[in-house]
Structure formats: structure tokens, C-alpha cells
Amino acid sequence: MLRSLITLLKKSWPFLLSAGLTVLVIVAYNLGEVVEKHHHKLMENVHYGIAAFILFVSFYFIVQLIRTVWTTVDDEND
């Protein structure tokens with residue numbers, strides 16, 4: 001019984017993970033709506049934090065792209 005349950009979980013983990021993440025996103029969205037309604041200034045700060053994180057990730061990928069191009073150009077010259 002336990003072995004068949006483990007086999008079922010191994011085969012269906014992508015479905016379970018996607019269902020779990022969907023529930024997590026819905027809960028986070030609803031929690032954000034409640035916080036937005038009652039604590040507007042707090043949500044403003046959360047939005048600034050999210051924007052800063054997105055900018056950081058964008059700049060990180062741009063720097064990685066430049067680094068990759070530079071190392072590729074150096075390898076071709078050798």
C-alpha cells in the first residue's frame with residue numbers, strides 16, 4: 001500500500017506541485033487585496049520592494065549577458 005502510494009506521488013508530482021503553487025498564488029493574491037484595502041502605505045512599500053527586485057534581476061541578467069559576450073569574444077581571439 002505504501003509502495004503504491006509512493007509510486008503514485010512520484011508519477012504525479014508535477015501535477016501536485018502545480019496545484020500547490022496555484023493555491024499559494026491565490027492565497028497570496030487574496031492576502032495582498034486585504035492588506036491593500038486596510039494598509040495602503042504598507043502595500044506601497046511592498047510594490048517598491050517588488051520593483052526593486054525586478055530591477056535587480058534585470059540588471060543581473062544584463063551583466064551576465066555582457067560577461068558572456070566578452071568571454072566569448074576573448075575565446076574567439078585566442
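Let us look at the structure shown here. (Residues numbered from 1 in each chain as written. Predicted model: local features only at pLDDT ≥ 70, side-chain atom pairs only at ≥ 80, totals over all residues. Heavy atoms only, no water.)

1. Some details on helix α1 (residues 2-38)
Here comes step 1: When the terminal C-alpha atoms of α1 are compared, their 47 Å separation across 37 residues is substantially less than the 54 Å that a helix rising 1.5 Å per residue should span.
Here comes step 2: Maximal helix bending in α1 amounts to about 70 degrees, located at S12; proline P14 follows within four positions. (Helix = DSSP H or I, 4+ residues; strand = E, 2+ residues; numbered from the N terminus. Expected span 1.5 Å × (residues − 1). Bend = angle between axes of the 7 residues up to and from the residue.)

2. Quick look at a nonpolar patch on the surface
Here comes step 1: Taken together, the side chains of L42, V46, I50, F53, I54, F56, Y60 and F61 make up a nonpolar region of the molecular surface, amounting to roughly 850 Å² of accessible area.
Here comes step 2: Looking at where I50 falls in the secondary structure, it is placed in helix α2 (residues 40-77). (Patch = residues over 30% accessible without salt bridge, like charges linked within 9 Å, V, L, I, M, F, W, Y side chains within 5 Å. Areas by Shrake-Rupley, 256 points an atom, 1.4 Å probe, with all protein chains shown as cover. Salt bridge = Lys/Arg side-chain N within 4 Å of Asp/Glu carboxyl O.)

3. Focus: the environment of A28
Here comes step 1: Examined against the element boundaries, A28 turns out to sit in helix α1.
Here comes step 2: Here A28 falls in the partly exposed class, since its relative accessible area comes to 48%.
Here comes step 3: Each C-alpha atom, one on A28 and one on R67, is 36 Å from the other, the two residues being 39 residues apart in sequence. (Buried < 20%, exposed > 50% of the residue type's maximum accessible area, 1.4 Å probe, protein only.)

4. Overview of the environment of M43
Here comes step 1: Along the chain, the position of M43 falls in helix α2.
Here comes step 2: Sequence spacing of M43 and G32 is eleven residues, and the spatial spacing of their C-alpha atoms is 7.7 Å.
Here comes step 3: Once you skip the residues sitting within four places of it in the chain, M43 turns out to touch G32, V35 and E36. (Contact = heavy atoms within 4.5 Å.)

5. A word on the packing of aromatic side chains
Here comes step 1: Counting across every chain of the model gives two aromatic pairs.
Here comes step 2: Geometrically, the ring pair formed by F56 and Y60 is stacked, given 6.5 Å between the ring centres and 25 degrees between the ring planes. Placement of the pair is F56 and Y60 together in helix α2, with a separation of four residues, close to one helical turn.
Here comes step 3: By relative accessible area, which is 55% here, F56 ends up exposed.
Here comes step 4: Between Y60 and F61 the ring centres are 5.8 Å apart and the planes differ by 70 degrees, which places this aromatic pair in the edge-to-face class.
Here comes step 5: In this structure Y60 comes out as partly exposed when scored by relative accessible area, which is 45%.
Here comes step 6: The exposure class assigned to F61 is exposed, which follows from its relative accessible area of 54%. (Phe/Tyr/Trp six-rings, centres within 6.5 Å; stacked < 30°, edge-to-face > 60°.)

6. So, the environment of Y29
Here comes step 1: Mapped onto the elements, Y29 comes out in helix α1.
Here comes step 2: Y29 gets classed as exposed once you look at its relative accessible area, which sits at 53%.
Here comes step 3: Residues Y29 and I54, spaced 25 residues apart in sequence, show a C-alpha to C-alpha distance of 18 Å.

Functional significance is not addressed by these values, which are geometric in nature.
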